[in-house]
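If you want the building blocks of each chain, they are given just below.
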Amino acid sequence: MVKNKKIEIIINEEKCSGCILCMLWCSYTHHKIFNPSKANLEIKDRYGLAPEIIFLDTCVQCGQCVQKCLYGALKIMEEDI
Ligand code: SF4
Ligand code: SF4
């Protein structure tokens, strides 16, 4: 029997450095351009003490941003459905 997986992206904003690598790789993955304004997630207050990570409705949960985050602020949880 083939099991389907449901993916959930877990956010830990305390670990976020505001580097926006996640936004750059999202835009590159989906639009072939490094342009944060094309990304499917946003980092708010990236220069502040507490950046906020917001996934937009356009996110397709491909996980590329998670793989590029060097600070452990994003993680993938997989569940069988
Ligand atoms: S979530 Fe990760 S890759 Fe994105 S800005 Fe924060 S530290 Fe950088
Ligand atoms: S999971 Fe969402 S925000 Fe992250 S790279 Fe994929 S589409 Fe972009």
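Residues numbered from 1 in each chain as written. Chains lettered and ligands numbered in written order. Predicted model: local features only at pLDDT ≥ 70, side-chain atom pairs only at ≥ 80, totals over all residues.

Participant: I'm lost on the site of ligand 2 in this one. Help?
Facilitator: Near ligand 2 you find Cys26, Thr29, Asn40, Leu41, Phe55, Cys59, Val60, Gln61, Cys62, Gly63, Gln64 and Cys65, and these make up its full shell. Of all the elements in the fold, those that place two or more residues in the shell around ligand 2 are helix H1 (21–31) and helix H2 (64–68). For the shell around ligand 2, the class distribution of residues is seven nonpolar, five polar and no charged. (Near = placed C-beta within 6 Å. Helix = DSSP H or I, 4+ residues; strand = E, 2+ residues; numbered from the N terminus. Nonpolar A, V, L, I, M, F, W, Y, C, P; charged D, E, K, R; others polar.)

Participant: Would you mind going over H1 with me for this structure?
Facilitator: Because each turn of an α-helix spans 3.6 residues, side chains separated by three or four positions end up pointing in the same direction. Cys22, Met23, Cys26 and Ser27 are the residues of H1 that are buried. Projected down its long axis, H1 carries its buried residues within an arc of 130 degrees, all on one side. Here the buried face of H1 lies against strand S2 (41–44), H2 and strand S4 (74–80). (Buried ≥ 20, exposed ≤ 12 C-beta atoms within 10 Å, placed from the backbone. Arc of directions from axis to C-beta. Contact = placed C-beta atoms within 7 Å.)

Participant: Please clarify how the site of ligand 1 should be interpreted in this entry.
Facilitator: The environment of ligand 1 is formed by 13 residues, the closest being Cys16, Cys19, Cys22, Cys69 and Ala73. A per-class count over the shell around ligand 1 returns 11 nonpolar, two polar and no charged.

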